[in-house]
Amino acid sequence: MLTTALKVMAICVGCAVQVLGTTTGSSGAAVTALRPARVPEHPPAAYRTPRDHPMRILALRVEFVRDTLSTTTGDGRFAYRRDDSLYEAFEDTAVIRLDPPPHDSLYFADHLEFLRFYWREMSRGAVDLEWDVYPAGPDTAYRLPKQMWQYNWNYTERQLDRGLAELFRDAVTAADADPAVVWEDYGLVVVFHAGAGAEFDLGYTTTPHDIPSAWMVKDDFQAIGLDDGVPVGEEPYFIDGGLILPETESHEGVQISMAGVMVSLFGHWLGLPALYDRDDGDPVVGKWSLMDRGFGNFYGAIPGPVDAWSRSYLGWLQPVEIAPGDYAVAARGFAEPDTAEAYRIPVTPGEYFLLECRARDPENDSIAVGWDRNGRRMVFNEDYSVTPDPGFRVPVRIDNLDFDSPGSGILIWHVAEACTTLIARGRFNSVDELRGLDLEEADGAQDIGRNYPFLTPGYGTDYVIYADAWYFDNRYHQDANGGRQVGFNDYSHPSSRANSGAFTHIEVENFSRRAPVMTFTFARGGFQFTGPVTHRLPRVLSAAVGDFDADGCDELVVLGRDRALFYDGTGELIQEVELAGERNQFIHNVPVVRDINGNRTGEVVWVASGPEHAGYLNALVSGPLGGYHFATLDTLDVLHPRIAFGGNGLRTVLCLAGDISNPNVDSVLITAYGSSLEKSGEMRVEGRLLSLHRFGSASSDTFLITTMDGDVYFWQNLQLICAGRFHE
C-alpha cells in the first residue's frame, strides 16, 4: 500500500513566487503546499541493502491516450514546443525557464545526469549511475492504453493505489514489446509519463487527475493480481518495483522543476526514510533536509542537501565523537584536515546530538549557478528569479545545493537511535512523543510542522526559518533566552536535556558567526563516582570537580591544608600535589575550575588565608605535559572574597571581589586576572559585598556584583557598564 501526505501544509513562499512570476511570466499564483511523493507504507528490507555500483537505470518514456479534459495538465502527450497544451494555463508572454521544452529523450537524460550529480555529491562518490532512455529516438514514446484520468480517478486512496499499479504495469508491458529492451541489464525501472506531477499545491486544484509520483514495490501489484510483479520476456522475469515520475511539476501557470521530486524519490529507493510525519504529512525537519520538504527548494530546481544523519545512516559520513574542547565544523565541501563535517555528542546509550554546518551562500554573492550539458549557465538569484544563457536547457550540475536552504549556521540534531527500528514500518519520524530525528531549533520555538493559521504569530515558520541554526548573533535565540549569549545547555531554550527530560550537563557554546567553517566549544559538567574515595588527609578543607586529565570526563580534587589529591571516577588516586600549608590554612570559597591554558585540563583557583596574611589567591596549574603544581597568584587585602571565571581561551577572565580590610572604609575592591592568571586591573565601588556572579553563559566576560546596600554593578573589561540600585 502506498501512502502520502493526507493534509495540506501551508508554506509562506507566496512573495517569492510573485517574484518568479514576474521574471518568468507566470500567473503569479503561489505554491502553498508541498506534498511528498507516495512511498511504500512498509519499505521492504531488500531496499535497505547497498546497491550495485554503478547502478543501472532503465528510463521509459510513456504517453497516454490523448484527452481534452481540463482536469489534467496537458493532453496526455509530451510537450515539445512552447505552444503545446501542457502550457495552456501560462500567459502567452511567459518564457519557460524551468524544465523548458522540448521534453525529448535528451531532456530526460539531462535530468538523470543531474540525479547522478546530486547523489555523487551527497554520497562522496559512493553512488554512481548509468542509464538508458527508451524507446530509442528523440521524440518517441511508448503509448499507454488509457487516458491519464483513468489512472487517477481522484476518488479514493485505494483506487489511486490500483491506478498507479496499472500505470506501471502498462508502461512495462508496452516496453516489453520492444526487442531492444534487455530487462536483466538494469537494477531500477523509472517510468517518466507525460503531464505534471501532483507534489506542489497552489492552494486550489483545477487538475485533480494529475498523477502523483510514486515508488512502487512488489506488494503494490497485488491490487491488480500480480503477486510477483510485472512479468516480462518469454521466460517469466518479474519487474517487482520502480519509480513513477512526471515530465515536469509545472502546472496552472507556475513553473516548477521535477528535479527535486526525482531526487527525493530516488533517495527513498536508496533506503532513506521519510523525515516528515507520515501519519498526517506534517513536516518534522522541514526544508533542512531533502527527505522532508527540501525537495521543493527553489521550486524543485535546487533540491536541498541530505541531512548529516541520513548521510551517516547510509555510511557516507562518519561523524566524529568528541570530548569537551574547542572544535571547527565545516559545511559539506569545505572540510579541511583539522575539521569535520559532523560531530557526535553522546547523550544516553540510545540517543545523541549530531552537529553539522550549513552555508546557504558561502561566496556571499546571492546567487547559485547551474550548467547544462553544453556548458551554458543559468543564474539562480536570491529573489527567486533566474537568468539563463540563450538556449539553456536543464541543469546537470549546480554549484551550491544549499542555496535555498533556510539559512546558514550549525544545526544540532537530536537523534533517538531506538527509532531506527521503526524505519521498516515507515514510522521513523512519525511518533509524536519520540522523533527519530528532531532539530533543536535555536530560535527557542519548536514550531516546525505546527501549522500556524494565517496572520497569526508563527505563521510561515512551520517549514523552518533561518534562525533555527546556531550562530553567534542569533537574536531570536537571545530573545528567547533573556538576552543571554547563544548557548545550548540544560537551561537554554531549546535545552540539551535528554528525551526523558533528564539533565545531561551538555553545554555547546561560543558559536562563531555564520561561515562555511564555524567553531564552537563543547563542555560537559556533572560527576558521579562508581567507587568509594579514601584519603589520608587529617582535614578536608574543600573539593572541586573538573576534567583534570583531558579524557573528557570529570575527576575530583580534594584540598587539604598541605596536599591536594586527585581521584578518577572509580575512586582511584591519580595524582598528589604538595601545597604551601602556611598559605592554605583556611579556604574561603568553593574553588572554581576553568581550562585556562588550552590543554583541556582545568586549573583550580581558590582563596585561602594563613597566619601571616589576610588572604591568598591560590591555584593548581596544569603543565604542558600533564600534571599539576601549586602556585600563589596574589596576596589579598580583602574580606569575604568571592571569585568567578568568565570569558574563554585568550579572553578568559578571573574576577575577584571582596571588602576592603579597613573598618573605616565601606568599599568593594574588584580585581581582574587575565588568561595567564596575572593581575590585569582593579577598581573600587562603594558598599559592602553581597555577591559576585558571572552574568550570562559560561563564556561571558560580564560580571554582576551586588552590595548589601542594594547596589548592582555590571562589570566588563575593567569598566562598569551599568549600575543601579534596588529598594523595597
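Residues numbered from 1 in each chain as written. Predicted model: local features only at pLDDT ≥ 70, side-chain atom pairs only at ≥ 80, totals over all residues. Heavy atoms only, no water.

Peer 1: How would you sum up the overall build of the protein? Please name residues and give values.
Peer 2: For the protein, the helix and strand inventory stands at six helices and 41 strands. Across the 728 residues of the protein, 58% fall into the buried class. Within the protein, contacts between residues at least 6 apart in sequence are counted, and of these 61% link residues at least 24 apart. Summing over all exposed atoms, the protein offers an accessible surface of approximately 29,500 Å²; the carbon and sulfur share of this is 50%. (Helix = DSSP H or I, 4+ residues; strand = E, 2+ residues; numbered from the N terminus. Buried < 20%, exposed > 50% of the residue type's maximum accessible area, 1.4 Å probe, protein only. Contact = heavy atoms within 4.5 Å. Areas by Shrake-Rupley, 256 points an atom, 1.4 Å probe, with all protein chains shown as cover.)

Peer 1: I'd like a rundown of the pairing of strand β35 (residues 653–660), residues and numbers included.
Peer 2: The buried fraction of β35 is high, at eight of eight residues. Where β35 meets strand β36 (residues 667–673), six bridges bridge the pair, whose relative direction is antiparallel. Opposite Cys655, over in β36, you have Ala672 as the bridge partner. In this antiparallel pair of consecutive strands, β35 and β36, the connection spans six residues. (Pairing = 2+ DSSP bridges.)

Peer 1: So, helix α2 (residues 105–123): which residues are in play, and what are the values?
Peer 2: End to end, α2 covers 27 Å across 19 residues, agreeing with the expected 27 Å (1.5 Å per residue, within 8%). Where α2 terminates, the next one or two residues include Arg124, which has phi positive at roughly 55 degrees. (Expected span 1.5 Å × (residues − 1).)

Peer 1: Describe the packing of aromatic side chains, naming the residues involved and giving the relevant values.
Peer 2: Under the criterion given, the structure shown has 34 aromatic pairs. Between Phe108 and Phe192, the ring centres sit 4.8 Å apart and the planes meet at 40 degrees, which makes this aromatic pair tilted. Here Phe108 is found in helix α2, whereas its partner Phe192 is found in strand β7 (residues 188–196), with 84 residues between them in sequence. Assessed through its relative accessible area of 0%, Phe192 is described here as buried. Among the aromatic side chains, those forming a connected cluster through ring pairs are Tyr118, Trp119, Phe266, Trp269 and Trp316. Geometry around Tyr352 places Arg344 over its ring, the cationic atom sitting 3.8 Å from the centre. (Phe/Tyr/Trp six-rings, centres within 6.5 Å; stacked < 30°, edge-to-face > 60°. Lys NZ or Arg CZ within 6 Å of the ring centre and 35° of its normal.)

Peer 1: Which residues make up the pattern of salt bridges, and what values go with them?
Peer 2: Applying the stated criterion across every chain yields a total of 37 salt bridges. Here Arg81 and Asp83 are joined by a salt bridge, their closest N and O atoms 3.4 Å apart. Each of Glu113, Arg116, Arg120 and Asp128 takes part in one network of salt bridges that share partners. (Salt bridge = Lys/Arg side-chain N within 4 Å of Asp/Glu carboxyl O.)

Peer 1: Hey, could you go over the packing of α2 against helix α4 (residues 259–270) for me, with residue numbers and the actual values?
Peer 2: One can describe the packing of α2 onto α4 by two numbers: an axis separation of 10 Å at closest approach and a directional angle of 55 degrees. With respect to their mutual orientation, α2 and α4 come out oblique. Judged by the sense of rotation from one axis to the other, the crossing of α2 with α4 is right-handed. In this structure, α2 uses His111, Phe114, Leu115, Tyr118 and Trp119 to contact α4, whose residues at the interface are Ala259, Met262, Val263, Phe266, Gly267 and Leu270. (Axes fitted to C-alpha atoms, helices over the stretch in contact; angles between N-to-C directions. Parallel < 35°, antiparallel > 145°, perpendicular 65-115°, else oblique. Left-handed = near helix turned anticlockwise from the far one by under 90°.)

Peer 1: Describe the sheet that holds strand β14 (residues 325–330), listing the residues and the values that go with them.
Peer 2: Taken together, the three strands give an open sheet; going across it, the order is β14-β24-β23, and neighbouring strands pair in antiparallel fashion. In this open sheet, the two edge strands, each paired with only one partner strand, are β14 and β23 (506–509). Within the sheet, the average angular offset between the axes of one strand and its neighbour, ignoring direction, is 30 degrees. As paired strands, β23 and strand β24 (residues 517–524) are joined by four bridges and run antiparallel to one another. Its bridge partner lying in β24, Glu507 is registered against Ala523.

Peer 1: With reference to specific residues and values, describe the nonpolar core.
Peer 2: Counting 147 residues, the largest nonpolar core has Trp119, Phe168, Trp183, Phe266, Phe380 and Phe520 as the members making the most contacts within it. With ten residues, the top contributor of residues to this core is α2. Not counting the four nearest positions on each side in its chain, Phe520 is found in contact with Ile322, Gly325, Asp326, Tyr327, Val329, Tyr343, Leu355, Ile410, Val508, Glu509, Asn510 and Phe511. Core analysis: the second largest hydrophobic core is formed by 18 residues, Val607, Ala619, Val638 and Leu669 among them. (Core = buried A, V, L, I, M, F, W, Y, C linked by side-chain atoms within 4.5 Å.)

Peer 1: Quick one: what's the story with the environment of Trp316, residue by residue and with numbers?
Peer 2: Tracing the chain through its elements places Trp316 in the loop between α5 (308–313) and β13 (320–321). Once the C-alpha coordinates of Trp316 and Ser123 are considered, the two residues, 193 residues apart in sequence, prove to be 5.2 Å apart. Apart from residues lying up to four places away in sequence, Trp316 is in contact with Trp119, Met122, Ser123, Arg124, Ala126, Val127, Leu270 and Arg311.

Peer 1: An account of the sheet that holds strand β25 (residues 542–546) is requested, with residue identities and associated values reported.
Peer 2: Across the sheet, which stays open at both edges, the four strands sit in the order β25-β26-β27-β28 with antiparallel pairing between neighbours. Edge positions in the sheet fall to β25 and β28 (573–578), since each has one partner strand and no second. This sheet shows a mean twist of 20 degrees between the axes of neighbouring strands, independent of strand direction.

Peer 1: A description of the environment of Phe298 should follow, citing residues and the corresponding values.
Peer 2: Among the structural elements, Phe298 can be located in the loop between α4 and α5. By relative accessible area, which is 1% here, Phe298 ends up buried. On a C-alpha basis, the gap between Phe298 and Phe403 in space is 8.3 Å, while along the polypeptide they are 105 residues apart. Among all residues touching Phe298, those that are not within four sequence positions of it are Phe380, Asn381, Tyr384, Ser385, Val386, Phe403 and Asp404.

Peer 1: Could you give an account of the side chain of Asp547, with specific residues and numbers?
Peer 2: As for its placement among the helices and strands, Asp547 is situated in the loop between β25 and β26 (555–559). From its side chain, Asp547 meets the backbone nitrogen of Asp549 in a polar contact 3.4 Å long. (Polar contact = N/O pair within 3.5 Å; in protein donor to acceptor, adjacent residues only side chain to side chain.)

Peer 1: So what about the side chain of Arg293? Which residues, and what values?
Peer 2: Looking at where Arg293 falls in the secondary structure, it is placed in the loop between α4 and α5. Note on Arg293: relative accessible area 0%, which makes it buried. Reaching out from Arg293, the side chain makes a polar contact with the backbone oxygen of Gly281 at a distance of 2.4 Å. One polar contact links Arg293 to Asp292, side chain to side chain, over a distance of 2.9 Å.

Peer 1: With reference to specific residues and values, describe the pairing of strand β4 (residues 55–63).
Peer 2: Burial of β4 is extensive: eight of the nine residues sit out of reach of the surface. Pairing of β4 with strand β5 (residues 129–134) involves six bridges; the strand directions are parallel. Paired with Ala59 across the strands is Val133, a residue of β5. Tracing the backbone out of β4, into α2 and back to the parallel element β5 gives a crossover that is right-handed. Sheet topology note: the β4/β7 ladder contains six bridges and is parallel. Across the sheet, the residue bridging to Arg61 is Phe192, located in β7. With two bridges joining them, β4 and strand β6 (residues 142–143) adopt parallel strand pairing. Counted as the bridge partner of Val62 is Tyr142 from β6. (Right-handed = clockwise from strand over helix to strand, strands pointing away.)

Peer 1: For unusual backbone geometry, give the residues involved together with the corresponding values.
Peer 2: Cis geometry is found at the peptide bond from Pro101 to Pro102, where omega equals 5 degrees. Within the secondary structure, Pro102 is located in the loop between β4 and α2. In the segment running from Tyr134 into Pro135, the intervening peptide bond is cis, with an omega of 0 degrees. Looking at the element boundaries, Pro135 is found in the loop between β5 and β6. Despite not being glycine, Leu677 shows a phi value in the positive range, around 65 degrees.

As far as function goes, none of this settles anything; it's purely spatial.
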